[in-house]
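# Summary of structural features
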Amino acid sequence: MDPVPKIDYYRNTGSISGNKLNRPSLLDIHEQLAKNIAVSTGSVERVANGESTAGDETAVSKEEENKTGFVKFGWVKGVLVRCMLNIWGVMLFIRLSWIVGQAGIGLGVIIILLATMVTSITGLSTSAIATNGFVRGGLGVIVIALSVVVTTLTGISMSAICTNGVVRGGGAYYLISRSLGPEFGGSIGLIFAFANAVAVAMYVVGFAETVVELLKESDTLMVDESNDIRIIGTITVVCLLGISVAGMEWEAKAQVILLIVLLVAIANFFIGTVIPTNTEKKARGFFNYQASIFAENFGPDFRSGEGFFSVFAIFFPAATGILAGANISGDLKVMSMVSGFGPLITAGIFSATLSSALASLVSAPKVFQALCKDNVYKGLEFFAKGYGKNNEPIRGYVLTFVIAMAFILIAELNTIAPIISNFFLASYALINFSCFHASYAKSPGWRPAFRYYNMWVSLFGALLCCGVMFVINWWAALITYAIELFLYIYVTYKKPEVNWGSSTQALYFVNALDSALALTTVEDHVKNFRPQCLALTGAPMVRPALLDITHTFTKNNGLCICCEVYTGPRKLCVKEMNSGMEKKQAWLTKNKRKAFYAAVAADSFRDGVKSLLQASGLGRMKPNTLVIGFKKDWRSAPATQVENYVGIIHDAFDFELGVIIIRISQGFDISQVLQVQEELEKLEQERLALEATIKENDFEEGKRGICGFFKKASSLNISKHETKKESTINTMQSMHVGEFNQRLLEASTQFKKKQGKGTIDIWWLFDDGGLTILIPYILTLRKKWKNCKLRIFTGGKVNRIEEEKLVMASLLSKFRIKFADINIICDINIKPNKESWKFFEEMIEPYRLHESCKDITTAEKLKRETPWKITDAELEAFKEKSFRQVRLNELLQEHSRAANLIVLSLPVARKGAVSDYLYMAWLEILSKNLPPVLMVRGNHKNVLTFYS
């Protein structure tokens, strides 16, 4: 039954807001219904009307949610409260009076506008990213809009959302990693989590300095100022850790209380500004609102070496100037004097610093846990584990506590503060760049519900953040970029196995598509020819040696497509083919083979290869050479298989492809070895499972005292015997593998090994356009083959040996191909010796028709019944060619028996004239009892040129 559209079909497997449902596959709908499935008319009508069983599924979803007890916050408590605490607390409440005192009203407004511009752009980018799909705990458009309005009014960054970890599942890390991929996300996530952990120390020190200032006023210091800050900071962090570990709901309640205190303190401050001043306040510089004082304070009055950008750095929200306490200790008395009720100002400052510290203490572990869950850094899985109904990162809390305590005890935060500030700014820059990059990649999956963004404005915001980093502190910016680059390179090198559909992937596709289309407008040129191979490997892991030798001359040089043809019942073939596509491509990637995997389902092997020859590739990136292994079992195989094999070679020539047939002594197919290995692995798994079961039983019985002890002893005896038995079986099977498949295993890896000093012998007997000489030349460029010299063998006349050598040497020098030796073979066309010819005749004897020994009627009947047999007429017509193949093998045995590799011109059989078995006999006798042989025939179009 066709399912109706439903959100549960589109959820991720780990979704916390509902259960993922699996829709019926296309095969389930396309194929006939199984006999055991009963479909009632009523159920079909319900599905058609969109009723289905949605109620039942929803009930299951709710039941799961109730079971887990996952706590969710609304947009007010979960987002707005946290943003307001960060903005009103640290920005307006603590820093603004100091900013205006230093920069004056005029430059103060410019600072606020500049910060607002940077953070508003970041806010827009965050909105676009957060609304493009479902961000876990992400913010809706209304929340983002409210936050951006607040930032515009107060000059505060929208990026506070990310720094407070409001975007659950990793905050800024989650947004960046899902947009730009694990390389960017992993690098920024680690430094972002560390920055938040250090920010806890900085906020707590700010709180502790305020408390110490009050103790100092009342002359009640415990030890001295520095040590009192450490003591109070330590106690504060322990208390904040307790609130965080208690759970997110307790942390949220604490934040609400702190917000109320902060709001009351702010209101108290504004009320105090309109209360008529007295003589004491005037003496201390407070005169209420007066135009003359406004004009006097409009210009800057920088003190203590401060300047515009240093003041901007202090103001910039939650990213720079985190050491808030150091900037306010001298202003506490003034603020208390201006307010309506002085102690409320102190309470407000406590609220501001503690709320920011608490937010950072919650944010750092959450970001770090998300990073560890993604397994971007292999050694950090320990911190991915969560506890309780909210999956709280307790281990992350402890780590953050340790980092914060370390920096509180060091008490030298001024040195590291600029670096931490730039860590935050780097994350803001990447949020902006994520928005730009996702828009630029033009992926159909980029559909943010928030429309009020522009990709170029986001790019400008990213560049502006980078510029601000250098303006604030150039050396801290360089350190930040160096750390981020190091982490980026590390993650790129490790290549974590994640797929998040990032815009980087989308851009790869766009670039590849553009390049492929651009390539179609470029005409082929002989100088740019490169072997683009269609290798009939079957499953790549089944014939690794065939893939290895092909990959050797296509790696970083040309196209390589590993092809497999499925024959048999179409339904089973298609199912098997579809299920194995990703697995086999993944095998190529894992084994660092720069190749593609392609498969087709066809009625016959030849039909499948014919489809691949015609349809493989894209634009100019199409195969021009067919690579196939020699059919070693042609004498025992059914005639249809031999016909298909030779037919494939004919088809390749028909489609104007070159052909390379490769033969090694042991053959390429190692499926038997793989099957034995798979069986051994299964046996090993069964043995381990058995041992684990026995150990569990022993443990249970061991609890029952002395009786259990004796039972345990007897069971251990049994287990030892069973283990010995299993081990004997495994040893026997290992010996079996060693006896029967050792040579095959060695042969399958021979092209992976570095070839020692030796030769590649090239028997260039026919001019095929140069492919026969180009392939070995490319091989010598590879590390594995660079110690091998090229020896050239070609035919010639006895009385012109030196002239022929000079001609060939001249040709190769014009092609700029180095060679060690040239041999002119003059006796190719003489008859082979009797023993060799007798062996050839005996080989083809089972496939001969011998029609000349029979009457005409019988002969005609045999021709119709066995058209694949070699007739006497055919054998006589091609006797000279048969002589040549046999003679060539004798010469190859004489000259090239010790070569590392032989590259030989492939003989071509005329269609309809040479039978399949005679052609296979030629290939057999030509390459018999030799080192690895490549029989090569180009498509007779030039692949080499001596023109520049």
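All chains use their own residue numbering, which begins from 1 and follows the written sequence. Per-residue local features are limited, in this predicted model, to residues with pLDDT of at least 70; the limit for side-chain atom pairs, both in listing and counting, is 80 or more; totals at the level of whole chains, interfaces and linings are taken over all residues. Excluded from the side-chain calculations are hydrogens and water; all other atoms, namely the structure's heavy atoms, are used.

### Looking at the overall build of the protein
Put simply, the rule is: Note on conventions: DSSP H or I runs of at least 4 residues are helices, E runs of at least 2 residues are strands, and numbering of each starts at the N terminus. Contacts are assigned to residue pairs with any non-hydrogen atoms lying within 4.5 Å of each other. Residue burial considers only the protein chains on display, and all accessible areas are found by Shrake-Rupley using a 1.4 Å probe.
When helices and strands are tallied, the protein shows 34 helices and ten strands. In the protein, 80% of the contacts between residues at least 6 apart in sequence involve partners at least 24 apart. Surface accessibility of the protein: about 47,200 Å² in total, with carbon and sulfur atoms responsible for 59%.

### Examining the environment of Gln-755
Put simply, the rule reads: Any residue under 20% of the maximum accessible area for its type is buried, any over 50% is exposed, and the rest in between are partly exposed; the area is computed with a 1.4 Å probe on protein chains only. Pairs of N or O atoms are called polar contacts if they sit within 3.5 Å, as long as, within protein, a hydrogen donor faces a hydrogen acceptor (for residues adjacent in sequence, only side-chain-to-side-chain pairs).
Relative to the assigned elements, Gln-755 resides in the loop between helix H27 (706-748) and strand E6 (758-763). Overall, Gln-755 belongs to the buried group, its relative accessible area being 13%. Sequence separation of Gln-755 and Asn-900 is 145 residues, and the distance between their C-alpha atoms is 7.5 Å. Not counting residues up to four positions away in its chain, the partners in contact with Gln-755 are Gln-750, Lys-784, Trp-785, Asn-787, Cys-788 and Asn-900. In this structure the side chain of Gln-755 is engaged in a polar contact, spanning 3.2 Å, whose partner is the backbone oxygen of Gln-750. From its side chain, Gln-755 meets the backbone oxygen of Lys-753 in a polar contact 3.4 Å long.

### Notes on unusual backbone geometry
Even without a glycine there, the phi angle at Asn-556 is positive, about 55 degrees. Looking at where Asn-556 falls in the secondary structure, it is placed in the loop between helix H22 (544-554) and strand E2 (560-567). Given a relative accessible area of 58%, Asn-556 falls into the exposed group. Located in the positive-phi region is Lys-592, a residue other than glycine, with phi close to 55 degrees.

### Re the sheet that holds E6
Within a sheet, adjacent strands bond to each other through the backbone by hydrogen bonds, running parallel or antiparallel. Stated formally: Whether two strands pair depends on DSSP finding at least two bridges between them. Structural elements are reduced to axes, namely lines fitted to C-alpha atoms, with helices fitted over the stretch in contact, and the angle between N-to-C directions of any two is expressed from 0 to 180 degrees.
Read across the sheet, ten strands follow the order E3-E2-E1-E4-E5-E10-E9-E6-E7-E8 without closing on themselves; strand pairing throughout is mixed. Because the sheet does not close on itself, it has two edges, and the strands there are strand E3 (596-602) and strand E8 (821-825). Here the average twist between neighbouring strands, direction ignored, is 20 degrees. Relative to strand E9 (residues 901-905), E6 is paired through four bridges, and the arrangement is parallel. Across the sheet, the residue bridging to Ile-762 is Val-903, located in E9. With respect to the sheet, helix H24 (residues 605-615) is in contact with strand E1 (533-535), E2, E3 and strand E4 (625-629), its orientation differing from that of E2 by roughly 145 degrees.

### Here we look at the confidence of the model for the protein
What counts here: Residue-level confidence of the predictor, termed pLDDT, takes values from 0 up to 100.
The share of residues in the protein with pLDDT of 70 or more is 72%, and the mean pLDDT across the chain is 76. Confidence, expressed as mean pLDDT per element, reaches its minimum in the protein at helix H6 (residues 160-163) with 30 and its maximum at E4 with 95. Contacts of residues 133-168 to residues separated by more than four positions or lying in other chains number 101 contacts, the stretch itself having pLDDT below 50. In this model, residues 706-733 is a region of pLDDT below 50 whose contacts with residues beyond four sequence positions or in other chains number 18 contacts.

### Notes on a nonpolar patch on the surface
So the rule is basically this: In this scheme, patches are assembled from residues that exceed 30% relative accessible area and form no salt bridge. Like charges are connected within 9 Å, while nonpolar side chains (Val, Leu, Ile, Met, Phe, Trp, Tyr) are connected within 5 Å. Salt bridges are counted wherever a side-chain nitrogen of Lys or Arg sits within 4 Å of a carboxyl oxygen of Asp or Glu.
A contiguous nonpolar surface patch, about 550 Å² in accessible area, is contributed by Phe-470, Trp-474, Trp-475, Leu-478, Ile-479 and Ile-483. Looking at the nonpolar patch, the element that brings in the most residues is helix H20 (residues 474-494), giving five residues. As for its position among the elements, Phe-470 is in helix H19 (residues 455-472).

### Points about the nonpolar core
The tendency in soluble globular proteins is for nonpolar side chains to be buried side by side. Put simply, the rule is: Take the buried residues of types Ala, Val, Leu, Ile, Met, Phe, Trp, Tyr and Cys, join any two whose side-chain atoms come within 4.5 Å, and each joined set is a nonpolar core.
The biggest cluster of nonpolar side chains holds 67 residues, and the ones touching the most others in it are Val-204, Ile-420, Phe-424 and Leu-425. Among the elements that line this core, the one with the most residues is helix H8 (residues 182-217), at 18 residues. Grouped together as the second largest cluster of nonpolar side chains are 61 residues, Val-659, Trp-837, Leu-888 and Leu-906 included.

### Section: helix H30 (residues 834-844)
To keep things clear, this is the line we draw: It is the directions from the helix axis to the C-beta atoms whose arc is reported.
Among all positions of H30, only Ser-836, Trp-837, Phe-840, Met-843 and Ile-844 are buried. Taken around the axis of H30, the buried residues stretch over an arc of 120 degrees, which confines them to a single face. Of the exposed residues in H30, those oriented more than 90 degrees away from the buried face are Lys-834, Glu-835, Lys-838 and Glu-842. The inward-facing, buried residues of H30 abut helix H32 (872-877), helix H33 (879-895) and helix H34 (916-926). The N-cap residue of H30 is Asn-833: its side-chain oxygen and the backbone nitrogen of Glu-835 are 3.3 Å apart.

### Digging into the packing of H33 against H34
What counts is decided by this rule: If an angle is under 35 degrees, it is roughly parallel; if it is over 145, roughly antiparallel; if it lies from 65 to 115, roughly perpendicular; otherwise it is oblique. By convention, the crossing between two helices is left-handed when the near helix turns anticlockwise from the far helix through less than a right angle, and right-handed when the turn is clockwise. For this classification, the nonpolar set comprises Ala, Val, Leu, Ile, Met, Phe, Trp, Tyr, Cys and Pro, the charged set comprises Asp, Glu, Lys and Arg, and every other residue, Gly included, is treated as polar.
Two elements in contact, H33 and H34, have axes whose closest approach is 8 Å; the angle formed by their N-to-C orientations is 20 degrees. Considered as vectors, H33 and H34 are oriented roughly parallel to each other. Considering only the axes of H33 and H34, their crossing is right-handed. Facing H33, whose interface residues are Lys-881, Ser-882, Gln-885, Val-886, Leu-888, Asn-889 and Leu-892, H34 presents Leu-918, Trp-922, Ile-925 and Leu-926. Here the residues of the contact of H33 with H34 are counted per class, giving seven nonpolar, three polar and one charged.

### As for the side chain of Ser-882
Position of Ser-882 relative to the elements: it lies in helix H33. Within the structure, Ser-882 has its side chain in polar contact with the side chain of Trp-922 (distance 3.0 Å). Discounting chain neighbours no more than four positions away, the residues touching Ser-882 are Trp-837, Phe-840, Leu-918 and Trp-922.

### Description of H33
Selection criterion: Here a helix's expected span is defined as the number of its residues, less one, multiplied by 1.5 Å.
Its 17 residues give H33 an end-to-end C-alpha distance of 24 Å, which sits within 8% of 24 Å, the value for a rise of 1.5 Å per residue. On the buried face of H33, the contacting elements are E6, E8, H30, E9 and H34.

### What about the pattern of salt bridges?
For side chains of opposite charge, pairing can occur when their charged atoms come near one another. A full pass over the atoms with the stated rule returns 17 salt bridges. Taking the shortest distance from any N to any O, the salt bridge between Glu-523 and Arg-620 comes out at 3.9 Å. Taken together, the positions of Glu-523 in the loop between helix H21 (503-520) and E1 and Arg-620 in the loop between H24 and E4 put the pair 97 residues apart, joining distant regions of the chain. According to the relative accessible area criterion, Glu-523 is exposed, its value standing at 61%. Asp-654 is paired through a salt bridge with Lys-911; the nearest N and O atoms lie 3.0 Å apart. Taken as a pair, Asp-654 in helix H25 (residues 639-654) and Lys-911 in the loop between E9 and H34 lie far apart in primary sequence, 257 residues in all. Owing to a relative accessible area of 42%, Asp-654 belongs among the partly exposed residues under this scheme. Put simply, Glu-523, Asp-524 and Arg-620 are held in one network by salt bridges that share partners.

### A few points about the packing of H8 against helix H16 (residues 342-373)
One can describe the packing of H8 onto H16 by two numbers: an axis separation of 8 Å at closest approach and a directional angle of 160 degrees. Compared by their axis directions, H8 and H16 come out roughly antiparallel. When the axes of H8 and H16 are compared, the crossing they make is left-handed. Along the lines of polarity and charge, the residues of the contact of H8 with H16 split into 20 nonpolar, ten polar and no charged.

### A word on the packing of aromatic side chains
For any two aromatic rings, the description comes down to two numbers: the centre-to-centre distance and the angle of the planes. This is how it is decided: Stacked, tilted and edge-to-face are the three classes assigned to paired rings of Phe, Tyr and Trp, where Trp is represented by its six-membered ring and a pair needs centres within 6.5 Å; plane angles under 30 degrees give stacked, over 60 edge-to-face, the rest tilted.
Using the criterion set out here, one finds 20 aromatic pairs in the structure. On the basis of an interplanar angle of 15 degrees and a centroid distance of 5.8 Å, the ring pair of Tyr-377 and Tyr-490 is categorised as stacked. Here Tyr-377, found in the loop between H16 and helix H17 (394-410), pairs with Tyr-490, found in helix H20; they are 113 residues apart in sequence, far enough to count as distant. Seen in terms of ring centroids, Phe-436 and Trp-456 are 5.5 Å apart; in terms of plane orientation they differ by 55 degrees. Their pairing is tilted.

### Some thoughts on a positive patch on the surface
Put simply, the rule reads: Just so you know, the count uses Lys and Arg for positive and Asp and Glu for negative, and it drops His and the chain ends. Note that the charge is assigned to NZ on lysines, CZ on arginines, CG on aspartates and CD on glutamates.
A surface patch of like charges, here positive, comprises Lys-495, Lys-555, Lys-592, Lys-594, Lys-754, Lys-783, Lys-784 and Lys-786. Classification of Lys-786 as partly exposed rests on a relative accessible area of 49%.

### Brief notes about the pairing of E4
Here is the rule we go by: Orient the strands so they point away from the viewer, and a crossover whose first-strand-to-second-strand path over the helix runs clockwise is right-handed.
For E4, a buried count of five out of five residues is recorded, marking the element as mostly surrounded by other parts of the structure. Neither face of E4 is left uncovered, since the one carrying Thr-625, Val-627 and Gly-629 and the one carrying Leu-626 and Ile-628 both have all their residues buried. Pairing analysis gives three bridges linking E1 to E4, with the strands arranged parallel. Counted as the bridge partner of Leu-534 is Leu-626 from E4. At this point the chain moves from E4, through H25, to the parallel strand E5 (residues 658-663), and the crossover so formed is right-handed.

### Let's talk about the environment of Gly-396
Examined against the element boundaries, Gly-396 turns out to sit in helix H17. Between the C-alpha atoms of Gly-396 and Leu-361, which are 35 residues apart in sequence, the distance is 9.6 Å. If sequence neighbours within four positions are ignored, Gly-396 has contacts with Pro-365 and Phe-383.

### Topic: the side chain of Arg-848
Mapped onto the elements of the fold, Arg-848 is located in the loop between H30 and helix H31 (856-865). Here Arg-848 falls in the buried class, since its relative accessible area comes to 17%. For Arg-848, the side chain forms a polar contact with the side chain of Asp-872, separated by 2.9 Å. Discounting chain neighbours no more than four positions away, the residues touching Arg-848 are Lys-869, Ile-870, Asp-872 and Leu-875.

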